[in-house]
Amino acid sequence: MATIQQAFVVGFSWDTAVDLSKKENRIRLSPSAIKGLFRIATHWQLRDEDTRELLGGISSGSFYALKGRAAKTLNTDQLTRISLLIGIYKALNILYSAKLADAWMNLPNTNPMFGGDSPLNYLKRGGIPAFIRVRQLLDARRGGR
């Protein structure tokens, strides 16, 4: 009988999600999440306004403080949104060439889910449920469905 080998990282369990209700976890994850968000925004050529909306509609002042590398602890909602964006980014880069992967979010899409609009606009309108649906769509495509 085959057994599954799990990688072990001290202080981390693969069996459970990170508890984002604990401030120490949010403090630990925030710097990397912010860095990843801005890298994705650059690749996708997002306007600052779009990036702010993807983060849940944060204020201009808070956004530009983040952009200016101010130390900030993100809340659970913001970390969840960035985590989903990272998954979407990864799936796009597995499915498509770098050029198409970077352009995909801004292109009109014929999938009924998007109704001819861009995935970016769909995410901005639909919030976290839309992020999850796009992530599921791309993961299904990666799996050949």
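This is a predicted model, so every value here is computed, not measured. Throughout, a residue's number is its position along its own chain's written sequence, starting from 1. Where totals are concerned, whole chains, interfaces and linings use all residues; where local detail is concerned, this predicted model gives features only for residues with pLDDT of at least 70, and gives and counts side-chain atom pairs only at 80 or more. Note that the side-chain values use all heavy atoms of the structure and ignore hydrogens as well as water.

**Some words on the packing of helix α1 (residues 23–43) against helix α4 (residues 76–95)**
Then comes step 1: Where α1 contacts α4, the axes come no closer than 9 Å and their chain directions differ by 45°. Between α1 and α4, the angle falls in the class oblique. Taken as a pair, α1 and α4 cross one another with a handedness that is left-handed. Here α1 contributes Arg 26, Leu 29, Ser 30, Ala 33, Leu 37, Ile 40 and His 43 to the contact with α4, which in turn contributes Thr 76, Leu 79, Ile 82, Leu 85, Ile 86 and Tyr 89. Angular values range over 0 to 180 degrees, each being the angle between N-to-C directions of two axes fitted as lines to C-alpha atoms, with helices fitted over their stretch in contact. By the criteria applied, helices consist of DSSP H or I runs no shorter than four residues and strands consist of E runs no shorter than two, each listed in order from the N terminus. Roughly parallel means an angle under 35 degrees; roughly antiparallel means over 145; roughly perpendicular covers 65 to 115; every other angle is labelled oblique. Crossing chirality is assigned from the near helix's rotation relative to the far helix, an anticlockwise turn below a right angle marking it left-handed and a clockwise turn marking it right-handed. The criterion used for residue contact is that any of the two residues' heavy atoms lie within 4.5 Å.

**Side note on the packing of aromatic side chains**
Then comes step 1: Aromatic pairs are defined between Phe, Tyr and Trp rings, using the six-membered ring for Trp, whenever the two ring centres lie within 6.5 Å; interplanar angles under 30 degrees are classed as stacked, those over 60 as edge-to-face, and all others as tilted. Taken as a whole and judged by the stated rule, the model has five aromatic pairs.
Then comes step 2: Centroid distance Phe 63 to Tyr 64: 5.2 Å. Interplanar angle 80°. Geometry classified as edge-to-face.
Then comes step 3: Accessibility here uses a 1.4 Å probe with only protein chains present; expressed as a share of the type maximum, an area under 20% marks a residue as buried, one over 50% as exposed, and anything in between as partly exposed. Phe 63 sits in the buried class, given a relative accessible area of 1%.
Then comes step 4: A network of ring pairs unites the aromatic residues Phe 38, Phe 63 and Tyr 64 as a single cluster.

**With respect to α4**
Then comes step 1: In a helix, the anticipated span is given by 1.5 Å times the number of residues less one. Look at α4: 29 Å from first C-alpha to last across 20 residues, which is about the 28 Å you get at 1.5 Å a residue.
Then comes step 2: Three or more residues of α4 are buried, namely Gln 78, Leu 79, Arg 81, Ile 82, Leu 84, Leu 85, Gly 87, Ile 88, Ala 91 and Leu 92.
Then comes step 3: Buried residues along α4 sit against α1, α2 (48–54), α5 (98–103) and α6 (119–142).
Then comes step 4: Looking at where α4 begins, the residue whose side-chain oxygen comes 3.1 Å from the main-chain nitrogen of Asp 77 is Asn 75. Polar contact is defined as a pair of N or O atoms within 3.5 Å, subject to the rule that within protein one atom must be able to donate a hydrogen and the other to accept it, and that residues adjacent in sequence are counted only when both atoms are side-chain atoms.

**What about the confidence of the model for the protein chain?**
Then comes step 1: Confidence scores per residue from the predictor, reported as pLDDT, run from 0 to 100. A residue-level look at the protein chain finds 88% of positions with pLDDT of 70 or above and a mean pLDDT of 90.
Then comes step 2: The secondary-structure element of the protein chain with the lowest mean pLDDT is helix α3 (residues 60–67), recorded at 90, while α5 shows the highest, at 97.
Then comes step 3: A low-confidence stretch, residues 1–5 stays under pLDDT 50, and its non-local contacts, those more than four residues away or across chains, total zero contacts.

**Let's talk about the packing of α4 against α6**
Then comes step 1: Put simply, α4 and α6 touch, their axes get as near as 9 Å, and they point 35° apart. The interaxial crossing formed by α4 with α6 has left-handed handedness. Judged by residue contacts, Asp 77, Thr 80, Arg 81, Ser 83, Leu 84, Leu 85, Gly 87, Ile 88, Ala 91, Leu 92, Ile 94 and Leu 95 of α4 engage Leu 123, Gly 127, Ile 128, Phe 131, Ile 132, Val 134, Arg 135, Leu 138, Asp 139, Arg 141 and Arg 142 from α6.
Then comes step 2: For this classification, the nonpolar set comprises Ala, Val, Leu, Ile, Met, Phe, Trp, Tyr, Cys and Pro, the charged set comprises Asp, Glu, Lys and Arg, and every other residue, Gly included, is treated as polar. In terms of residue class, the contact of α4 with α6 is built from 13 nonpolar, four polar and six charged.

**A closer look at the side chain of Asp 50**
Then comes step 1: Checked against the element boundaries, Asp 50 lands in helix α2.
Then comes step 2: Reaching out from Asp 50, the side chain makes a polar contact with the side chain of Arg 47 at a distance of 3.0 Å.
Then comes step 3: Polar side-chain contacts of Asp 50 include one of 2.6 Å to the side chain of Lys 124.
Then comes step 4: When residues no more than four places from it in sequence are discounted, the contact partners of Asp 50 are Leu 120 and Lys 124.

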